[in-house]
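A structural walkthrough
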Amino acid sequence: MKLIPLEVTKDGEIGVVNDDPSLVISSAKNNKGQNVFKIMSANSSNNVGFTGFFEFEGKASKVTWLAIDDGQYKTPEASNALQISEIDPKEREAIAVFLTKEINGTFTLREKFPGMYLINQNSVLATGTEKKNIPSAIGVFLQKTGIFGGKSTIMLLINPKNDTDIITFSKK
């Protein structure tokens, strides 16, 4: 199976920039009959992703993707780092207020791909609110299951210019 990365395009949307796959998945059964999946570089012209490989051996993930989850979030450095409004179901947008040293101000979260949200900064002008066309980040919401079955919600804020630059917000 081929994996083609989604990126922020020149016009500020989420889409395919290079249609060569960057990663591939291979699967087989191990000697216990469990499915084993390996994700590795496709060695193509598309170098978005990672080098090396990941191997998953017959275990269910403890992390699931969520739709936008409104409320208050914290970081290790800031107890009130993020507040997200309820999503407007018609527009598929919510308002987020970030209060961290890396990102601060009022932003619009727009669902542009299932489970992926563009985060565009808002500017308040005399003529009204103006939203920047190029997103400041991509957001995804995840639910993690702990060792004893407890669940926690996190939001990952991914820099679209450097996918290794990620800020994690934990729901309060």
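Please read these numbers as outputs of a predicted model, since none were measured by experiment.

If you tally the helices and strands in the protein chain, you get zero helices and 16 strands. Counting only C-alpha atoms and orienting by the principal axes, one finds that the protein chain spans roughly 65 × 45 × 30 Å. Counting all 172 residues of the protein chain, 31% fall into the buried class. In the protein chain, the share of contacts with a sequence separation of at least 24, taken over all contacts with a separation of at least 6, comes to 33%.

Under the defined criterion, the tally for this structure stands at four salt bridges. K171 serves as the salt-bridge partner of D69, at 2.8 Å between the closest nitrogen and oxygen. On the criterion of sequence distance, the pair formed by D69 in the loop between β7 (63-66) and β8 (71-74) and K171 in strand β16 (residues 162-171) is long-range, its members being 102 residues apart.

Judged by nonpolar contacts, the single largest core of 20 residues is most densely connected at I84, F98, M155, L157 and F169. Secondary-structure elements contributing two or more residues to this core are β9 (82-84), β10 (93-99), β11 (104-113), β12 (116-125), β14 (137-145), β15 (151-159) and β16. Discounting chain neighbours no more than four positions away, the residues touching L157 are F98, I103, I119, A137, I138, D165, I166, I167 and F169.

Further remarks concern the pairing of strand β4 (residues 23-29). Of the pairings in the sheet, the one linking strand β1 (residues 2-3) to β4 comprises two bridges and is antiparallel in character. Counterpart to K2 in the pairing with β4 is V24. Pairing geometry for β4 and strand β5 (residues 35-41), over seven bridges, is antiparallel. Each residue of the ladder has a partner; that of L23, found in β5, is S41. In this structure, the hairpin formed by β4 and β5 is closed by a connection of five residues, where G33 is found at a positive phi of approximately 80 degrees.

The next subject is the environment of I158. Residue position: I158 is located in strand β15. In this structure, the C-alpha to C-alpha distance between I158 and V16, residues 142 residues apart in sequence, is 17 Å. Contact partners of I158, with chain neighbours within four places excluded, come to A137, I138, V140, D163, D165 and I166.

In this section: the sheet that holds β1. Strand order in this open sheet of four strands is β1-β4-β5-β6, and the pairing throughout is antiparallel. In this open sheet, the two strands that pair with only one neighbour each are β1 and β6 (53-57).

Here we come to the confidence of the model for the protein chain. Detailed reading of the predicted model is not advised wherever pLDDT is low. When pLDDT is averaged across the protein chain, the result is 89; 99% of the residues are at 70 or more. Model confidence for the protein chain, summarised as mean pLDDT per element, is weakest for strand β13 (residues 128-131) at 74 and strongest for β8 at 98.

A few words on the environment of T145. If you trace the backbone, T145 turns up in strand β14. The spatial distance from the C-alpha of T145 to the C-alpha of T64 is 8.7 Å, given a sequence separation of 81 residues. Not counting chain neighbours up to four residues away, the residues in contact with T145 comprise K62, G150 and K151.

Here the focus is the side chain of N46. Relative to the helices and strands, N46 resides in the loop between β5 and β6. In terms of polar contacts, N46 uses its side chain to reach the backbone carbonyl oxygen of D20, at 2.8 Å. A polar contact of 3.2 Å, which involves the side chain of N46, links it to the backbone nitrogen of V48. Setting aside residues up to four positions removed in sequence, N46 forms contacts with P5, N18, D20, P21 and S22.

Next up on the list: the packing of aromatic side chains. For the structure shown, the criterion picks out five aromatic pairs. Note on F98 and F169: the rings are 5.6 Å apart at their centroids and 65 degrees apart in plane angle, and the pair reads as edge-to-face. Of the two residues, F98 sits in strand β10 while F169 sits in strand β16, which places them 71 residues apart along the sequence. In this structure F98 comes out as buried when scored by relative accessible area, which is 0%. The exposure class assigned to F169 is buried, which follows from its relative accessible area of 0%. For the ring pair Y117 and F141, a centre distance of 5.7 Å and an interplane angle of 85 degrees mean the geometry is edge-to-face. In this pair, Y117 is assigned in strand β12 and F141 in strand β14, connecting sequence segments 24 residues apart. Y117 gets classed as buried once you look at its relative accessible area, which sits at 0%. Looking at F141, the relative accessible area reads 0%, which means it is buried. Three or more aromatic residues link up through ring pairs in this structure, and these residues are Y73, Y117 and F141.

What counts and what doesn't
The written sequence of each chain sets the order in which its residues are numbered from 1. Where totals are concerned, whole chains, interfaces and linings use all residues; where local detail is concerned, this predicted model gives features only for residues with pLDDT of at least 70, and gives and counts side-chain atom pairs only at 80 or more. Working from all heavy atoms in the structure, the side-chain values ignore hydrogens and water. A run of H or I in DSSP becomes a helix once it reaches four residues, and a run of E becomes a strand once it reaches two; helices and strands are each numbered from the N terminus. The rule is simple: take the accessible area with a 1.4 Å probe, protein chains only, and divide by the maximum for that residue type; under 20% is buried, over 50% is exposed, in between is partly exposed. Here a residue-residue contact requires only that any non-hydrogen atoms of the pair lie within 4.5 Å. Salt bridges are defined by distance alone: a side-chain nitrogen of Lys or Arg within 4 Å of a carboxyl oxygen of Asp or Glu. For the purposes of this section, nonpolar cores are sets of buried Ala, Val, Leu, Ile, Met, Phe, Trp, Tyr and Cys residues that join through side-chain atoms within 4.5 Å. Paired strands are those between which DSSP finds at least two bridges. Known as pLDDT, the predictor's per-residue confidence is scaled from 0 to 100. Think of a polar contact as two N or O atoms within 3.5 Å of one another; within protein, one of them needs to be a possible hydrogen donor and the other a possible acceptor, and neighboring residues in sequence only count if both atoms come from side chains. Any two rings among Phe, Tyr and Trp, with Trp reduced to its six-membered ring, count as a pair given centres within 6.5 Å; such a pair is stacked if its planes are under 30 degrees apart, edge-to-face if over 60, and tilted if neither.

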